[in-house]
Structure formats: structure tokens, C-alpha cells
Amino acid sequence: MPPIFLAPHSQSLLEGTGGATEYDFSPIQLWITSPRAPQVCVLSGPAGSGKSTISAALCWDEEAQQRRQKAIAKGNSDTAKAIAEADAAAAAVAAPHGVKVPRLPGASASPENTGSGERRTSPKTSGSGAQPPSPGGGAGGGGGKPPPVHPKPSHTRQQCGLGSGPNPLVDAYHFCKYSDVRRQSPIRIVKTLAYQLAQRMPLLRNYYASLDLGQVQQLHQASTAFRLLLLKPLTTLMPRDEQVVLLIDAMDEADSQSQLPLDNPVLQLMLHQLSSLPRNVRIVTSTRSAPHLMGPLRRKFQGALELTPAMVRKRESTLAQLERRVCSRFGANVAGAVMSHSGGENNLVYFSAVMLLEPPMAEVPASLPACYNMIFSAQWPKLSKQEQQESIKALQVLMAAREPLQLSLLAGLGLDQVLAKLPGWGALMYEREYKVYTLHKSLHDWLMDKEASGPYYADARVGHATLGRYLFHAAHPRPAYGAKYLVTHLLAAGAKLKELLDQAITDMDHLEVRGRGTEREGQGGQGGIGGDRERQGGTGREE
């Protein structure tokens, strides 16, 4: 299981916001720099209160972003220069013979424009695009020179609020996601944190580069991976007077339907592994303020610093901006009613959903589920009967998916054309890096609640059956998604697909492909913990 590259996700969470300037991080900075402060800081609040956006602001690395943009600009400039040189050379050869040389497709004297006048798109830093090299220098660059190591900034010198400081408060981070089981895996979390520490800290980087590749490949237990990749280097190599800050966001999104502490793998990682890190390693985590999560955390980390989003957000600027947006779209009377129903900062997703409604608004939704219902009710009658049936099928599949589905898989199901017709498409559900994502877990909860969503109810079991049948009958070799989750979907579909399940678990071709996929995940490419990282873009604006 390779580490997961989450920089695009943290960047997407800050889109459309003021970034770190909207927050006062002085309580967190004081906690980090105080030697006697508790080891853990818990950011808790209701669903949709902006916890993940705050986490993204804490992790934002302005210097890294600037280096990335310079690399992209240099790549564009080098490409344009090569095209221009090729044009000049061809013209020099052809001119004596009176031959007119056509311009190469996309060629332009300017790196910013193509030959057709369209703006050239920048190489992507996520998805299938370029990624930072691995700590060992072996992955991605074919054994090239390792990336430069930038010294860890002194937290005591950073300005409160990070408004004028380019460096992040957090050294390594992970964002859990309810719709992606890969991001709920403790082993992946450990590897993701270790990979980022290797990038930022020279001492740790040398340790990770010296690890035996075969040993790293065989890490299949979270406790073993934690001892090798986090506990040992942070205990034996890091000076005790140097603070290291780790962040794990949205722990609650690893919950099962039972909502039992033992069924949440990320909570168990916190309680049984991360709790044994040395005291100079500080841990920030965010979660919903649910008793089954906060109770175990309080018992294990007695005296932990507990914050709410309102305690670090500059309240006057946030609510004033939201009210101005609603007022400009619906008028002052509706804006006042929206502000009274919203719960203020306790549910920022509510404001995003309200903005999808069309003016004039005859009735102000009293809650976020009511808002979802109004959005679907307004757009549903515009669809034909067939489009409504296809939309329900698409929603069922999206609710059953174990990770964001690729457009090619949805096209195989014949559902790619209906996506743009889904209510709230582009905001509640959207495409990024050729995969389909949903805005927030509350949308999942509403769609899978038959009583709340009514005619828009998306039965996940039907979606499991749809995906199970499609993946079972897919041509060999099956898609990577099918190799990982075919049996999962057949099991979740229930007794009606038992025959297909029996065939799948005795299908040697499927078992071989699944084994190869597991082996590739264990290898993580060529470079130990920093090999072929998961390449995925952002998965939500506000969580």
C-alpha cells in the first residue's frame, strides 16, 4: 500500500476561501510551542462546520506551492522553447527550396498560448500528472537526484494566523474520507505521514532511504508499520527539543454504520499506536463531536486541548461574507431568514447548498436536509422519466462505491451522460481528475435515508448489485477497481448474487489479478515508502 498524495485535496478545500487569513491560530501555536502542553489537540464540531477547511489551512505550505508553480512555468517555457527551435531549424532547411513549413500543432512563440489561440493547460500536479520524487530518489525519477530538503521552520517565529508566514504549522497530515476506503486504512495513513516527514526532515529522510525495500513491501499490519516508520525514527532520531506536528483530519469519516469505537480503524490507530509517540510529537485531529469518538479520546488523552471551529475562526469576517453572498442573490429578507436557520458557523455546508437554489425563494429551508430536498425537487421535474430512472441508478452506484469512481467505469455502465443532469451537479456532485466526488457526507446520509429523501432515495444495496454484475462480466483483465472490490460488492448485494459470488471466489484469473494488485500496492513502486503514490485530486470543498 503506497502513501497517498493529498496536497491537491488540501488545496481544493481552500478554494473560494480566504485561506489562513480567515483564522486566528494563536491558540494552536501556543499549544505547539508550550513544553508542558498536552500532546493532543482535538478540533471537534457538528457536521459541516468547516473542520476540514481549518485543517487544510493549518497544512498549507506556501513555499511548496510556489516551487510547484515555478516548476510548471519552467516546464511550459522549456516546451515552448523546444518547439520554437524545431520550427526555426525546419524553416532554415526548407527556406532555400521554397518550401513553406507548417507550424507544429499547438506550437506558439509564447509559452502561454497554443497555435489555435487557446491557452495551454499546465501539467497537473495530481491525478495522472507529475508528482514529487520519493524520499529515496528511486521513484518517479528513475534514480535521479533526490529533491532538496528544506529546513523545518521554527514555529515560534511564525506570525499568529499565518497571514504573513509562508510555512505550515503541520509537518505531516492525512485527510480521511467517508467515500474512499483507501483513506481509512491505518497502514496507508502511517505511510503517508512517514513520506511527508521524509520530505521535510533530513535526519528522517536518510533513515527512510536506508530501509530494506523488501521489508517495507511486507508491511501488512498497522502496528508493525507504525513501529518501523514512525515510532522508531521519531523516538531515536529526532531531538526531544524539536517539535513535530502531525494532523489527522475527519476521523469520524472512518466510522461504520454501527458507530462503535472498535469499528473505526483511524480512532484505533490514534488510541493504540499514535498515543505511544514521544511527547515532542504533537497530534492534531478533527472529528464530529460524537460521544463514541470523543469519549475514548478524552479517556486516552486526558487534558487534551479541545477546540471548536468557532474558536479559531474570525467570526465577524466569516458570517459577514456569507450574509453578503446570500443577500446579493436572494435579497435582505431571505438573507436574514437564512442566517437564522443556518445555525451560524455550525453548518457552513448549509450556505453552499442554499446558493444552489434559484431566486426568488418562496420558502427558506430550515435545515441542510431540507435544502437538499428543495434542490432535488426543483430540478427533478425537468428530467424525463428515463432520465429520472438513470439518475436514480447513478446515485445508487455512487452511494455503493468504495472509492471515487472513474468516468470510464461509469461510461461502461451507460451512466456517464446522465451525470450532468443530476440535481446539484457541479457542486453537490462533481468531476475532478476523471473521477466523480460528492461534496459532503451529509449528502450521502440524506440520499441513503429512505424516509428523509423520499423519491430520491438511493438504495446502496441495488448499487452494489449493479457494480457487482458489471465488474463480474467485465472483460479480463478486470479494471483495477474491479480487482479490488468485486467480491465486496457481490457480498453487499445480498443473496440474489450468491451464485456470482461463488464463481468469483473460485475464479483463478480474478484471484491472480487481485494478488498482483495487492503486491503492487505493497511494493509502492520503486522507492520504498515513497514509490508510486496514490494520485488523486481533491474530494470535497467543505467537510
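So, here is what we can say about the structure in this document. (Residues numbered from 1 in each chain as written. Predicted model: local features only at pLDDT ≥ 70, side-chain atom pairs only at ≥ 80, totals over all residues. Heavy atoms only, no water.)

### Here's the deal with the overall build of the protein
Within the protein, the regular secondary structure consists of 23 helices and 10 strands. Total accessible area on the protein is roughly 24400 Å²; 53% of this is exposed by carbon and sulfur atoms. (Helix = DSSP H or I, 4+ residues; strand = E, 2+ residues; numbered from the N terminus. Areas by Shrake-Rupley, 256 points an atom, 1.4 Å probe, with all protein chains shown as cover.)

### Topic: the packing of helix 9 (residues 265-272) against helix 10 (residues 291-300)
Here helix 9 crosses helix 10 at 10 degrees, and the two axes come no closer than 10 Å. With respect to helix 10, the element helix 9 is oriented roughly parallel. Residues Leu267, Met270 and Leu271 of helix 9 form the contact with helix 10, whose own contacting residues are His292, Leu293, Pro296, Leu297 and Lys300. (Axes fitted to C-alpha atoms, helices over the stretch in contact; angles between N-to-C directions. Parallel < 35°, antiparallel > 145°, perpendicular 65-115°, else oblique. Contact = heavy atoms within 4.5 Å.)

### Remarks on empty space enclosed by the protein
The full count for this structure, using the stated rule, is two cavities of 30 Å³ or more. What the largest cavity holds in volume is close to 100 Å³. In terms of residue count, strand 9 (residues 435-438) provides more of the lining of the largest cavity than any other element does, three residues in total. Partitioned by chemical class, the residues of the lining of the largest cavity number six nonpolar, three polar and one charged. (1 Å grid on protein atoms, 1.4 Å probe; cavity = no way out; pocket = protein on both sides within 12 Å on 5 of 7 lines; lining within 4 Å. Points joined across faces, edges and corners; volume = space filled by probe spheres on them. Nonpolar A, V, L, I, M, F, W, Y, C, P; charged D, E, K, R; others polar.)

### Here's the deal with the sheet that holds strand 7 (residues 405-406)
As summarised here, the arrangement of the three strands in space is 7-9-8, forming an open sheet in which the pairing is antiparallel. The two strands at the open ends of the sheet, each matched to only one other strand, are strand 7 and strand 8 (429-432). Relative to strand 9, strand 8 runs antiparallel, the two being bridged by four bridges. In the strand pairing of strand 9, Tyr430 is matched with Tyr437. (Pairing = 2+ DSSP bridges.)

### Points about the sheet that holds strand 5 (residues 281-288)
In spatial order, the strands read 3-4-5-2-6; together these five strands make up an open sheet with parallel pairing. Where the open sheet ends on each side, the last strands, each with one partner, are strand 3 (172-175) and strand 6 (305-307). Across the sheet, the mean angle from the axis of one strand to that of its neighbour is 15 degrees, orientation sign disregarded. Pairing analysis gives six bridges linking strand 2 (residues 40-45) to strand 5, with the strands arranged parallel. Of the residues in strand 5, the one forming a bridge with Val42 is Thr285. Sheet strands touched by helix 3 (residues 51-59): strand 2, strand 3, strand 4 (244-249) and strand 5. Its angle to strand 4, the strand with the most contacts, is close to 155 degrees.

### Some thoughts on the side chain of Asn280
Structurally, Asn280 is set in the loop between helix 9 and strand 5. A polar contact of 3.3 Å, which involves the side chain of Asn280, links it to the backbone oxygen of Pro239. A polar side-chain atom of Asn280 sits 2.9 Å from the main-chain carbonyl oxygen of Glu242. Here Asn280 is in contact with Met238, Pro239, Arg240, Glu242, Gln243 and Val244, once residues within four sequence places are set aside. (Polar contact = N/O pair within 3.5 Å; in protein donor to acceptor, adjacent residues only side chain to side chain.)

### Describing the pattern of salt bridges
Going through the model one piece at a time under the given rule, you end up with 10 salt bridges. One salt bridge connects Asp180 with Arg182, and the closest N-O pair in it is separated by 2.7 Å. The two residues Asp180 and Arg182 agree in class, both being buried. Its salt-bridge partner being Lys484, residue Glu403 comes within 3.2 Å of it at the nearest N-O pair. Within this pair, whereas Glu403 is found in the loop between helix 16 (385-400) and strand 7, its partner Lys484 is found in helix 21 (residues 480-493), the two being separated by 81 residues in sequence. The exposure class of Glu403 is buried, given its relative accessible area of 7%. Salt bridges linked by common partners bring Asp180, Arg182, Glu403 and Lys484 together as one network. (Salt bridge = Lys/Arg side-chain N within 4 Å of Asp/Glu carboxyl O. Buried < 20%, exposed > 50% of the residue type's maximum accessible area, 1.4 Å probe, protein only.)

### Let's talk about unusual backbone geometry
With omega at -5 degrees, the peptide bond leading from Pro359 into Pro360 counts as cis. Summarising the element assignment, Pro360 is placed in the loop between helix 14 (348-354) and helix 15 (368-379). The phi torsion at Gln259 lies on the positive side, around 55 degrees, for a residue other than glycine. Here Gln259 lies in the loop between strand 4 and helix 9. Even without a glycine there, the phi angle at Glu433 is positive, about 55 degrees.

### Some thoughts on helix 20 (residues 460-473)
Compared with an ideal rise of 1.5 Å per residue, which puts 14 residues at 20 Å, helix 20 spans 20 Å between its outermost C-alpha atoms and is within 8% of the ideal. The complete set of buried residues in helix 20 reads Ala460, Gly463, His464, Ala465, Thr466, Leu467, Gly468, Leu471 and Phe472. Summarising the contacts, the buried residues of helix 20 are in contact with helix 16, helix 17 (407-412), helix 21 and helix 22 (498-505). (Expected span 1.5 Å × (residues − 1).)

### As for the environment of Thr308
Of note, Thr308 is situated in the loop between strand 6 and helix 11 (309-312). Each C-alpha atom of the pair Thr308 and Ser44 lies 5.3 Å from the other, and the pair is 264 residues apart in sequence. Dropping the residues within four chain positions of it, Thr308 is found in contact with Leu43 and Ser44.

### Some thoughts on the side chain of Gln268
Within the secondary structure, Gln268 is located in helix 9. Side-chain polar atoms of Gln268 contact the backbone oxygen of Pro261, separated by 2.8 Å. For Gln268, the contacting residues outside a window of four places in its chain are Pro261, Leu262 and Gln273.

### Quick word on the packing of helix 6 (residues 202-209) against helix 8 (residues 222-236)
The geometry of a pair of packed helices is captured by two quantities: the angle between their axes and the separation between those axes. One can describe the packing of helix 6 onto helix 8 by two numbers: an axis separation of 11 Å at closest approach and a directional angle of 140 degrees. Judged by the angle between their axes, helix 6 and helix 8 are oblique. Judged by the sense of rotation from one axis to the other, the crossing of helix 6 with helix 8 is right-handed. In contact with Leu204, Tyr207 and Tyr208 of helix 6, helix 8 contributes Leu228, Leu229, Leu230, Lys232, Pro233 and Leu234. For the contact of helix 6 with helix 8, a count of residues per class yields eight nonpolar, no polar and one charged. (Left-handed = near helix turned anticlockwise from the far one by under 90°.)

### Some words on the pairing of strand 9
Residues Lys435 and Tyr437 line one face of strand 9 and the alternating positions Val436 and Thr438 line the opposite face, and both faces are buried. Where strand 7 meets strand 9, two bridges bridge the pair, whose relative direction is antiparallel. Bridge assignment links Gln406 to a residue of strand 9, and that residue is Lys435. Linking strand 8 back to strand 9 in an antiparallel pair, the connection comprises two residues, with Glu433 at a positive phi of about 55 degrees.

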